[in-house]
Structures are given as structure tokens and as C-alpha cells.
Amino acid sequence: MKAIVITKPGGPEVLQLQEIPYSGRASTLPPKGTSPYPGLECAGVVEQVGKNVSRWKVGDQVCALLGGGGYAEKVAVPEAQVLPVPSCVSLKDAASFPEVACTVWSTVFMMSRLSAGETLLNVIQPLILRSACTSLYMGVRVELATFGIQIAKYYGAKVFVTAGNEEKLAFCKDLGADVCINYKTEDFVARVKEETGGKGVDVILDNMGGSYLQRNLDSLNFDGRLFIIGFQGGPMAQVNLGPMIAKRLTVQAAGLRVRTPEKKAAIVSEVEKNVWPAIAEGKVKPVMYKHFPLSEAAEAHRLIESSQHIGKIMLLP
């Protein structure tokens, strides 16, 4: 089969479409469910099932959370990391949901316990590509904000977002964000305090890390929770820990790809129970931008790195 191979360290030009071996068996998955090939989610039609698979059958339309390998014509995936394609979503658009839904649900809801009436702040700045799939999608971390807005509003939370230009802020506003902050022209800590009567927000989802740590702590309400999912602003910080004790703050961090297949299965199960109904009701929708053939993965990456798009970029085999 054909797949995108990272031929050497470098820019998008190192992504090349090559013929690689594929046996069609789950045993071809690398140790601990990871893969040397890029792509953390996919959608497609089941072509073959293992002897112990009970839920899925050949011909089913599904999407899946992967440990890698999504930039390919085919991929083997554990049964428990597979989800049905929602009835109101096309097969190729369904590819945009698994990784972002699992990331947001596991961090914001399962671990940070966001609930109705609370306030979520998305501190999400653009990053280089992290995910893709067989009816393939690629997205930057800003996609966490567009998905997070929709699912947080569905569950009754108030949503604050940050972005670097007015077009993206307007787009987030249309998705349902309550407060939109331009981090290039505004002090988001001051704006958060202004909008919350000096209290701060209850949960922050952050991919900036070190450079934003103090400002994030300063933006939290009493019993606030900060969840870090990336280090776009660096992994190091010197901070005043006083607010953590004074306001009983919690700081957590995690990545999705490095979790065990068992942990991923538990998250996927919770996503199907709690997120898939919102998608079926049309309350959470895919936000799409452009489709590329698999052979043009390098060009898709260049578009992502430009940070000029709003929405998902898809790779189609």
C-alpha cells in the first residue's frame, strides 16, 4: 500500500508518498500502539477484522483514534479505538473528530471536570501538524478551540477564547464563544478578570506551556484547573506559586498519543457516550477548510504552517 514517509529530518518537503508493506493484521502495529508513520486519526470502511473482533464487520463505515499511521491508504487499529461514523456526518468529515474529541473530552471534562455554569478559557495557539487520517485530516491545535467551543457550550459552560487576528475571533464567535480575546492587542489576564468580575475562569486548556504559565495561574478562579497539552511557548518557566495555594489551583499535563491502548480505549468509550450524541444532534459540527490528495501531504503541511486557514485540512487517499 502507499503511505507518507518522513524520509529525513526537515521541512514539509521530506514527506514523500512511498510504497510500504502491509499485512492487514493488527500484529503489524508497532509496540504500545504507536507507529513510525504520521497521522493520529482516520475514517474509512472496514476491510478486514481480526478473529476476536466482535463489534465491527467488513463494510462498516468507521472513524478511529490511531497511534500513528493515518497518512496511508490502509491502517490497522485496535477494535476499542474505533467509533461509528455519526449518521449526520460524511465519511471524510468524520475523520476530523476522533483525536480532537478524545483530547478535549479527556482533558477538559474527564480530568478537569468542567461542568455547567463554569467558564472555560482556550489558550490555544497555532502549532505544526499533529494529526491525520485515512480519509485523512490534518489539523493544528487551533482546531481544539473550535471543537472545544462547541462541546463546552453543549454542556452549559461559558467559553473564552484567544486568537491572533480578528477573522479567527469572529469565526470563534460564530461557533458560540462568549468572549473572544486578541492576544496580540490585549492583555488576556486583564480581560478575563474584567469579564468575570475579578474572579477568573474555572478551567484553562493550554498548549503554550512555560511562557503562559504565570498568566494562566493569574487567570484562574478559586479551585481553578489548568491543563497543559503542549509547549509551544517552551517547557521552562519561573513562576510565583503563591496563587496555587491561595486559590487551591490544580495544574495537570498530558499527551494523548503516549497513553496506553487501554487508556485510549477508555477515553474513546467516554467520547462515544458523551460527545457522539452532540454530533448526532447537530450541536457539534466538523469545521472543514480544504482537501488535498495524499500525494500532496507536503503542500498541506505548508498551508498548516502558514496558519492562514480556519478549519480542518483533509488528506484523501
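Scroll up to find the structure this text is about.
Definitions and cut-offs
- Residue indices follow the written sequence of each chain, beginning from 1 at its first position.
- Local features are withheld for residues below a pLDDT of 70 in this predicted model, meaning they are given only at 70 or higher, and side-chain atom pairs are given and counted only at 80 or more; totals for whole chains, interfaces and linings count all residues.
- To get the side-chain values, all heavy atoms of the structure are used, and hydrogens and water are removed first.
- We call a set of buried Ala, Val, Leu, Ile, Met, Phe, Trp, Tyr and Cys residues a nonpolar core when their side-chain atoms join them within 4.5 Å.
- Each residue is assigned to one of three classes by its accessible area relative to the maximum for its type, calculated with a 1.4 Å probe on protein chains only: buried under 20%, partly exposed between the two thresholds, exposed over 50%.
- Strands here mean DSSP runs of E at least two residues long; helices mean DSSP runs of H or I at least four residues long; both are numbered from the N terminus.
- Should any heavy atoms of two residues lie within 4.5 Å, those residues are considered in contact.
- Our arc is simply the arc of the directions from the helix axis toward the C-beta atoms.
- Only the contacting stretch of a helix is used when fitting its axis, a line to C-alpha atoms as for every element, and angles between N-to-C directions run 0 to 180 degrees.
- For classification purposes, an angle smaller than 35 degrees is called roughly parallel, one larger than 145 roughly antiparallel, one from 65 to 115 roughly perpendicular, and anything else oblique.
- Polar here means any residue outside two lists: the nonpolar Ala, Val, Leu, Ile, Met, Phe, Trp, Tyr, Cys and Pro, and the charged Asp, Glu, Lys and Arg; Gly therefore counts as polar.
- We treat two strands as partners when DSSP finds at least two bridges between them.

Caption draft 1: Representation of the nonpolar core in the model. If you look at the biggest cluster of nonpolar residues, it comprises 45 residues, and the most contacted ones within it are V104, L114, F147, I151, V271, V275 and W276. Every element with two or more residues in this core is listed here: β4 (61-65), α2 (98-111), α3 (142-154), β8 (158-163), α4 (166-175), β10 (201-206), α8 (261-274) and α9 (276-280). For this core, the element with the highest residue contribution is α2, accounting for seven residues. With sequence-adjacent residues up to four places away left out, I151 is seen in contact with V104, W105, F109, N274, V275, A278 and V284. Counting 18 residues, the second largest nonpolar core, distinct from the first, contains F160, L226, I228 and L249.

Caption draft 2: Quick peek at helix α5 (residues 188-195). Those residues of α5 that fall on the buried side of the exposure criterion are F188, V189, R191 and V192. Looking down the long axis of α5, one finds its buried residues gathered within 165° of arc, a one-sided arrangement. On the buried face of α5, the contacting elements are β6 (119-123), β8, β9 (179-182), β10 and α6 (213-219). One or two steps after α5, the chain reaches G197, where phi turns positive at roughly 65°.

Caption draft 3: Expanded view of the packing of α2 against α8. Relative to each other, α2 and α8 sit at 90°, their axes nearing to 9 Å. One element, α2, and the other, α8, form an angle in the roughly perpendicular class. Here A101, C102, W105, S106 and M110 of α2 come into contact with α8, specifically with I267, V268, E270, V271 and N274. Of the residues belonging to the contact of α2 with α8, the class tally is seven nonpolar, two polar and one charged.

Caption draft 4: Geometry of the sheet that holds strand β5 (residues 82-84). Spatial strand order, β3-β4-β5: three strands in an open sheet with antiparallel pairing. Both outer strands of the open sheet, β3 (41-45) and β5, are each paired with one neighbouring strand and no more. For this sheet, the mean inter-axis angle between neighbouring strands, taken without regard to orientation, is 30°. Contacts from α2 reach β3 and β4, with the element oriented near 50° to β4. Of the strands in this sheet, β4 and β5 are in contact with α8, which crosses β5 at around 10°.

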